[in-house]
Amino acid sequence: MKRILTLVTISALFLGSCSKDDKKDNISPIGQATLTFDSRVNTEDFALNKDFTIGGTKYKFTQLRYWVSNVSLINDKGETYNVPNSYFLLEENNAIDVQGGAFSYPARKREEVTISDIPAGNYKAVSFSIGVDAEHNDNLSLQAGELSQLNGMTNISWMWHTSYIFSSLKGSRIVGTDTTGITVETGLNTNYRSLKVDLPAAVAIGGKTASIKFNVDVTKIIEGLDLAKTPVIGASQKTEMTLVADNYSKKAILVSGTSNK
Amino acid sequence: MRQYTFILYVLGMLIFSCKKANIIPEPQAYRLEVPADFPGVPVFADNVMSRQGVELGRMLFYDKRLSGNNQISCASCHHQSLAFSDGLALSTQGFSGKQLPRSAPALMNLAWENNGLFWDGGSTNLESQAFGPLTNEDEMHQNLEELVYELQQIPAYVKKFKAVFGDDIKTGYIAMALAQFQRTLVTGNAPYDRYRRGEPGAEITAQQKIGLALFQQHCATCHAGVLFTDNEYHNNGIDADFTNDALEGLFLGRFRITYNLADLGKFKTPTLRNIALTAPYMHDGRFKDLAAVLQHYADGVKRSATTDAKLYTNGQPGLRLSKAEQENIIAFLQTLTDDTFINNRAFSEPALP
């Protein structure tokens, strides 16, 4: 009898030890939210290969790309839900040569990020970062979210920084008959910026997909820059890069509304 | 008999109850063997070394499939017999056959290289560094997406990646495995080491001892400690004109990475271990032998705003070493050649899947 009891106990132990995956304690309802980053040029919709006038100067853009990362949602109880593996590449671009033309990254427009498995609740704020945190920026082998060496947002040419480009706006500046190419990029660890956006009204997550919309104003991204004097902003223009990073976090991205569809 | 039945029963439960989790064996911990008087081995929390990981990295290091034309492996430019350098100033052995702008560095004691990889420190760690040569069109010119596809066709690799990383083959894992193997390339058993440790019968010549004293006086500030490097960046006065900003600032040294004017012309201090095997010297291989290097430090150092202050003697650039002193230092440098390193079977080409 004792032996049988022992067997039963041991069996129970083994059965118990492997049932972890099947058990779902504390099932709480979950929901889905869509974050939309609507690119604008002031009040107009942003578009590639189209003339825009900003501050009296004509611009034509060929790409707008930036990382939205480490997204968190904060509910009305003050609880924070950190979205795992949240590295999203927002972009509007023509086809891009990757690895010196070894292959091509296709033209793409992506303004929406869908986040699932959010604990149900009323959410009143969103926080996220523009760029890639130092841990992942300094180590291209770490795979998380959409981080990849293959999307043209890494800089891995010979003996150069091996890290990510955080944001990239490219196009041309047209004055009379003169056309100058412009590149406005960030990517140093010190360019990493986090922002917290309070929603105009709390949004319910758990029922219908919640929608949170932001306007991303390109005129604000380049505000304060002298692109006539410095048309290319990259690793050697630290001051300008800092300004651009601040523009993304302080001016360019504003919440425009929330809804449930 | 009842005892046996009981044991069988327990074993049976063990096997069946957790069968799914037991298909892939856990990778076994790898303990890096280092000489007792070396600095402690750093922990690589993002890429913990395992026996299987090192073994996989070793295969990838020697596998020519890692290049776009399947003809070039890491080992094509990093030969074990030359302490993982290639004996060339500027190689033309890459995909395009075009001359590369910098000399292939020797690979040794990389576990302690914690202040940037490449001659200018452009890469923070081995895991990121690998993507440079892998993708550069004049080096291995590998399309990374294609590489993953190619390796996926080889069942042995699929199995090995699964065993090490518990996942399918991904570009990041290729870099991680390569890093694990490269961190095992430890050298610390040269005649000088055996002499320094007072091992029985270990001796260096009288001239080498004189050279050692001179070395400690003139060279050991930068080529410091048992690793023979301070892992820092210095302008050693081989150039004084930094107006050529071609190739994205390639000739400007560390400045290319930091954009700090104080870093113009600075390059990383290479280790001097196995230095007799790694000619030609400097980031562009401009000095064909150690005699030329010592000649430079003696009286060839050029003055510039960033030339290292330690390379001046009484306000004049150069260490003012006599011919005899130069020869004595070279004699000492010969004692840093570690035959056990270049002959270590654990580092040589393995059977490839």
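Worth saying up front: this structure is predicted, and the values here are computed from it rather than measured. (Residues numbered from 1 in each chain as written. Chains lettered and ligands numbered in written order. Predicted model: local features only at pLDDT ≥ 70, side-chain atom pairs only at ≥ 80, totals over all residues. Heavy atoms only, no water.)

Q: Hey, could you run me through the packing of aromatic side chains in this one?
A: Centre-to-centre distance and the angle between the planes together describe a pair of aromatic rings. Applying the stated criterion across every chain, the model contains 23 aromatic pairs over all chains. Aromatic side chains Phe46 of chain A and Phe52 of chain A sit 6.5 Å apart centroid to centroid with 5 degrees between the ring planes, which places their arrangement in the stacked category. Each ring, one from Phe46 of chain A and one from Phe61 of chain A, has its centre 5.5 Å from the other, and the planes form 40 degrees; the classification is tilted. Separated by 15 residues along the polypeptide, Phe46 of chain A in the loop between β2 (44-45) and β3 (51-54) and Phe61 of chain A in strand β4 (residues 57-75) bring together distant segments of the chain. Residue Phe46 of chain A shares its accessibility class with Phe61 of chain A, and that shared class is buried. An aromatic cluster of three or more residues is present, and its members are Phe61, Tyr62, Phe84, Phe181, Phe341 and Phe347 of chain B. Positioned above the aromatic ring of Tyr233 of chain B is the side chain of Arg254 of chain B, whose terminal nitrogen or guanidinium carbon lies 4.1 Å from the ring centre. (Phe/Tyr/Trp six-rings, centres within 6.5 Å; stacked < 30°, edge-to-face > 60°. Helix = DSSP H or I, 4+ residues; strand = E, 2+ residues; numbered from the N terminus. Buried < 20%, exposed > 50% of the residue type's maximum accessible area, 1.4 Å probe, protein only. Lys NZ or Arg CZ within 6 Å of the ring centre and 35° of its normal.)

Q: Got a minute to help me understand the pairing of strand β11 (residues 121-130) of chain A in this structure?
A: Two faces make up the sheet, and in a regular strand the side chains alternate between them. Residue and element names in this part refer to chain A. In terms of residue burial, β11 counts as a mostly covered element, since 7 of its 10 residues are buried. Here β11 runs beside strand β16 (residues 193-205); their pairing, made up of 9 bridges, is antiparallel. Among the inter-strand pairings, Val126 is bridged to a residue of β16, identified as Val197. (Pairing = 2+ DSSP bridges.)

Q: Would you mind showing me how to read the domain arrangement of chain B here?
A: Accessible area lost on assembly of the parts is the figure often given for the size of an interface. Residue and element names in this part refer to chain B. Segmenting chain B into domains produces domain 1 (51-186) and domain 2 (191-339). Using C-alpha coordinates to define each centre, domain 1 is positioned 27 Å away from domain 2. With 25 residues of domain 1 in contact, the opposing surface of domain 2 contributes 24 residues. Interface area for domain 1 against domain 2, summed over the two sides, is near 2000 Å², with a carbon-plus-sulfur share of 56%. Here domain 1 and domain 2 share 2 salt bridges between them. Close ionic contact of Arg256 with Asp120 constitutes a salt bridge, the shortest N to O distance being 3.2 Å. (Domains from an automatic or database assignment. Contact = heavy atoms within 4.5 Å. Buried area = accessible area lost by both parts, 1.4 Å probe. Salt bridge = Lys/Arg side-chain N within 4 Å of Asp/Glu carboxyl O.)

Q: In this structure, what is going on with the UniProt feature "domain: Cytochrome c" (unreviewed entry) in chain B? I would like to understand it.
A: Residues given the UniProt feature "domain: Cytochrome c" (unreviewed entry) here are residues 206-337 of chain B. Between the C-alpha atoms that bound residues 206-337 of chain B the distance is 18 Å, and the span itself is 33% helix and 6% strand. (UniProt positions renumbered as here; feature names shortened; annotations may be inferred.)

Q: Whenever I open this one, the UniProt feature "binding site: heme c 1" (unreviewed entry) in chain B confuses me. Can you help?
A: All names here are of chain B. The UniProt record marks Cys74, Cys77 and His78 with the feature "binding site: heme c 1" (unreviewed entry), using the residue numbering of this structure. Along the chain, the position of Cys74 falls in the loop between α2 (51-62) and α3 (126-129). Residue Cys74 is classed as buried on the basis of its relative accessible area, which comes to 15%. Every residue in contact with Cys74, bar those within four places of it in the chain, is listed here: Phe61, Met140 and Leu178. Mapped onto the secondary structure, His78 falls in the loop between α2 and α3. In contact with His78, other than residues within four places in its own chain, are Phe61, Phe84, Ser85, Ala104, Pro105 and Leu107.

Q: When you look at the pattern of salt bridges in this model, what are you seeing that I'm missing?
A: Side-chain pairs of opposite charge can arise where the charged atoms are in close proximity. All chains considered together, the criterion is met by 33 salt bridges over all chains. Put simply, Asp246 of chain A and Arg193 of chain A hold a salt bridge, and the shortest N to O gap is 2.7 Å. In this pair, Asp246 of chain A is assigned in helix α4 (residues 238-252) and Arg193 of chain A in strand β16, connecting sequence segments 53 residues apart. Across the salt bridge formed by Asp308 of chain B and Lys310 of chain B, the nearest N and O atoms sit 3.3 Å from each other.

Q: I keep staring at the nonpolar core and nothing clicks. Help me out?
A: The nonpolar side chains of a soluble globular protein tend to be buried, and buried together. If you look at the biggest cluster of nonpolar residues, it comprises 70 residues, and the most contacted ones within it are Leu60, Phe61, Leu151, Tyr157, Phe161 and Ile174 of chain B. Counting the residues that make up this core, at least three belong to each of domain 1 (51-186) and domain 2 (191-339) of chain B. Grouped together as the second largest cluster of nonpolar side chains are 49 residues, Ile115, Tyr123, Val218 and Met241 of chain A included. (Core = buried A, V, L, I, M, F, W, Y, C linked by side-chain atoms within 4.5 Å.)

Q: I tried to follow the packing of helix α12 (residues 290-300) of chain B against helix α13 (residues 323-333) of chain B on my own but got confused; where do I start?
A: A pair of packed helices can be characterised by two numbers: the angle between their axes and the separation between those axes. Residue and element names in this part refer to chain B. Packing of α12 against α13 leaves a shortest axis separation of 10 Å and a crossing angle of 130 degrees. As far as their axial angle goes, α13 and α12 are oblique. Our pair here, α12 against α13, has a crossing hand that is right-handed. Listed contacts from α13 to Leu290, Ala291, Leu294, Gln295 and Ala298 of α12 are Lys323, Gln326, Ile329, Ile330 and Leu333. Residue composition of the contact of α12 with α13, grouped by class: 7 nonpolar, 2 polar and 1 charged. (Axes fitted to C-alpha atoms, helices over the stretch in contact; angles between N-to-C directions. Parallel < 35°, antiparallel > 145°, perpendicular 65-115°, else oblique. Left-handed = near helix turned anticlockwise from the far one by under 90°. Nonpolar A, V, L, I, M, F, W, Y, C, P; charged D, E, K, R; others polar.)

Q: Mind showing me how you'd approach the confidence of the model for chain A here?
A: Interpreting fine coordinate detail is not advised for predicted regions of low pLDDT. Across chain A, the average pLDDT comes to 87, with 85% of residues at or above 70. Per-residue pLDDT, averaged within each element of chain A, yields its smallest value for helix α1 (residues 2-17) of chain A (48) and its largest for helix α3 (residues 218-221) of chain A (98). (pLDDT = per-residue confidence, 0-100.)

Q: Just checking my understanding: could you explain unusual backbone geometry for this structure?
A: The general pattern is negative phi for most residues beyond glycine and trans for most peptide bonds. The omega angle of the peptide bond from Ala279 of chain B to Pro280 of chain B is -5 degrees, so this bond is cis rather than trans. Structurally, Pro280 of chain B can be placed in the loop between β2 (267-268) and α12. Located in the positive-phi region is Asn49 of chain A, a residue other than glycine, with phi close to 55 degrees. Structurally, Asn49 of chain A can be placed in the loop between β2 and β3. Non-glycine residue Asn314 of chain B carries a positive phi angle of around 50 degrees. Along the chain, Asn314 of chain B falls in the loop between β3 (312-313) and β4 (316-317). By relative accessible area, which is 77% here, Asn314 of chain B ends up exposed.

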